[in-house]
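Each chain, written out:
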Amino acid sequence: MKNSEPEKKVLAGLPLPELIELLAPLPAFRAKQIFKWISRGALAFGEMTDLDKNLREDLDSRFSVRSSSVGAQLEDPGHNGKAGDGTVKLQISLYGGTKIEAVLLSDAEERKTACISTQAGCPAGCVFCKTGSLGFSRNLNSAEIVEQFLHLKALAAAANTDISNIVIMGMGEPLLNLSELRRALAFLCDAEGLGISRRRITVSTCGVIEGIRDLADKGPHIRLACSLTSARQELRNRLMPIGKANPLPLLKKALAAYRQKSGQRITLEAVLLGGINTTPADAEAMIDFARGLDAVINLIPWNPVEGMGFEGEPLREPSRAEVETFTAMLEKGGLKVTRRYRKGRGVAGACGQLGVLPENPGQGRLKHPDAKAEDSPENVYPL
Ligand code: SAH
Ligand code: SF4
């Protein structure tokens, strides 16, 4: 038995058909009851009060409900006398000691979004991403993916709220772990349990063509976001080494196929790196790539990660002027552009910052280069 696998089989994250098969000859309706309990957040078989005691004990001797536990919880502490932005980051310990992170984000309407990881570390190695700099430890299994959601849901419930959206944008590249991601999605979307709509789930990929094609052909047709960051092949290869094996013309075809087969509008994400990918030529290439895809462009000003550089120069946040000019160029080219809100920086839980817990949460919040002294972090960028 590998040390990443618990001795007892874990039932969280098992899609219902697999659970029914595993528990046979127990009748399917009993398996459904158990599935519902797990989906509702039960932590132990003892809580499953509509099963008789003998069955609960038998299940307990053979299976575990969960495989992971919450190690630490970090809340955005606020800054300059302002309240925090509501972001909570959980550090979760997996079986075998691996640690991952999952984030609960709140928007202006207090809607909660769960940001979930699919790998410990990431093999893609994008030069601007903290997770990428950690290297790759291992794929998460379906239980470990689903349990992040269940931990975050319990957190939201404790504050009398619920999670309305899921973004698979935490640590790792989801389409390099597609089979476990698929099982996790089957669990999350099953109407017998959580019944989350596929339209409320977004999977973000760095552009793994094979995975996009596979999802287009076999589903599930969740919302898809593709991290483009540069539509100039040569620059993209340097920023995102995985781009070499996934060339832009083929990536565009795969995205067009997904758009067509899923009927869902695609998002193209671009991390804006100060002085690197915000020139008129970059905008033109992006306009050209997006042509015919009917996509929304989501710009993400780079979130600082200490010590990260690109070809010998430290990376820097784009200036406010750079972000605005780049946005205007894309809009002029006919693209629909949104800007990612930068929640979670106070706990290093924003895009690309997942990987380690800050020793001093809240102290690491860096100011925008153009920010004036009186600017609060919330309005450093107009959102
Ligand atoms: N591996 C997937 C999903 C996780 S990364 C992917 O790459 O799409 C989620 C998003 O964060 C991606 O769009 C990625 O480009 C972006 N990102 C990575 N590092 C970042 C950073 N330091 N600042 C802002 N965004 C970053
Ligand atoms: Fe991996 Fe996404 Fe980070 Fe790239 S941006 S290293 S694909 S997690």
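Notes on the structure follow. (Residues numbered from 1 in each chain as written. Chains lettered and ligands numbered in written order. Predicted model: local features only at pLDDT ≥ 70, side-chain atom pairs only at ≥ 80, totals over all residues. Heavy atoms only, no water.)

Re the nonpolar core
Next, step 1: Counting 112 residues, the largest nonpolar core has Phe128, Leu255, Leu268 and Leu330 as the members making the most contacts within it.
Next, step 2: It is helix H5 (residues 142–158) that provides the largest number of residues to this core, a total of eight residues.
Next, step 3: With residues near it in sequence (within four places) discarded, Leu255 still touches Ile212, Leu224, Cys226, Ile266, Leu268, Phe289 and Leu293. (Core = buried A, V, L, I, M, F, W, Y, C linked by side-chain atoms within 4.5 Å. Buried < 20%, exposed > 50% of the residue type's maximum accessible area, 1.4 Å probe, protein only. Helix = DSSP H or I, 4+ residues; strand = E, 2+ residues; numbered from the N terminus. Contact = heavy atoms within 4.5 Å.)

With respect to the packing of H5 against helix H6 (residues 178–189)
Next, step 1: It is the contact of H5 with H6, at a shortest axis distance of 8 Å, that shows an interaxial angle of 45°. Classified by the angle their axes make, H5 and H6 are oblique. Two packed elements cross with a definite hand, and for H5 against H6 that hand is right-handed. Listed contacts from H6 to Ser142, Ile145, Val146 and Phe149 of H5 are Glu180, Leu181, Arg183, Ala184, Phe187 and Leu188.
Next, step 2: In the contact of H5 with H6, the residues fall into seven nonpolar, one polar and two charged. (Axes fitted to C-alpha atoms, helices over the stretch in contact; angles between N-to-C directions. Parallel < 35°, antiparallel > 145°, perpendicular 65-115°, else oblique. Left-handed = near helix turned anticlockwise from the far one by under 90°. Nonpolar A, V, L, I, M, F, W, Y, C, P; charged D, E, K, R; others polar.)

Examining helix H11 (residues 320–332)
Next, step 1: In this model, H11 (13 residues) spans 18 Å end to end at C-alpha, consistent with the 18 Å of a helix rising 1.5 Å per residue.
Next, step 2: Within H11, burial applies to Glu322, Val323, Phe326, Thr327 and Leu330. The arc that holds every buried residue of H11, seen down its axis, measures 125°, which confines them to one face.
Next, step 3: Among the structural elements, strand S12 (267–272), helix H10 (280–290), strand S13 (296–301) and strand S16 (336–339) are those in contact with the buried residues of H11. (Expected span 1.5 Å × (residues − 1). Arc of directions from axis to C-beta.)

Let's talk about the pattern of salt bridges
Next, step 1: A full pass over the atoms with the stated rule returns 21 salt bridges.
Next, step 2: Residues Asp107 and Arg111 are paired through a salt bridge, measuring 2.7 Å at the closest nitrogen-oxygen approach.
Next, step 3: The class for Arg111 is partly exposed, based on a relative accessible area of 43%.
Next, step 4: Taken together, the shared-partner salt bridges in this structure form one network comprising Glu18, Glu180 and Arg183. (Salt bridge = Lys/Arg side-chain N within 4 Å of Asp/Glu carboxyl O.)

Section: the site of ligand 2
Next, step 1: Taken together, Cys122, Ala124, Gly125, Cys126, Cys129, Gly132, Gly172 and Cys206 make up the full set of residues near ligand 2.
Next, step 2: For the shell around ligand 2, the per-class residue count stands at five nonpolar, three polar and no charged. (Near = heavy atom within 4 Å.)

Section: unusual backbone geometry
Next, step 1: Of the consecutive residues Ala24 and Pro25, the connecting peptide bond is found in the cis state with omega at 10°.
Next, step 2: With respect to the helices and strands, the residue Pro25 is situated in the loop between helix H1 (16–23) and helix H2 (28–39).
Next, step 3: That bond from Gly219 to Pro220 is cis: its omega, 0°, falls within 30 degrees of zero.
Next, step 4: Positioned with a positive phi, Asn160 is a non-glycine residue whose angle comes to about 60°.
Next, step 5: The residue Asn160 is located in the loop between H5 and strand S9 (163–168) in this model.

Things to note about the site of ligand 1
Next, step 1: Taken together, 18 residues surround ligand 1, and among them Gly172, Ser204, Ser227, Trp302 and Asn303 come closest.
Next, step 2: Interatomic distance of 2.7 Å between a side-chain N/O atom of Ser204 and an oxygen atom of ligand 1.
Next, step 3: Here an oxygen atom of ligand 1 sits 3.4 Å away from a polar atom, N or O, in the main chain of Thr205.
Next, step 4: Here ligand 1 loses 96% of its free accessible area of 530 Å² to cover by the protein chains. (Polar contact = N/O pair within 3.5 Å; in protein donor to acceptor, adjacent residues only side chain to side chain. Areas by Shrake-Rupley, 256 points an atom, 1.4 Å probe, with all protein chains shown as cover.)

A closer look at the packing of H10 against H11
Next, step 1: Interaxial distance between H10 and H11 falls to 9 Å at its minimum, and their mutual angle equals 35°. Handedness of the H10/H11 crossing: right-handed. When H10 is examined against H11, the residues Pro280, Asp282, Ala283, Met286 and Ile287 are found in contact with a partner set consisting of Phe326, Met329 and Leu330.
Next, step 2: Looking at the contact of H10 with H11, its residues break down into seven nonpolar, no polar and one charged.

Everything listed is a geometric property; what it means functionally is a separate question.
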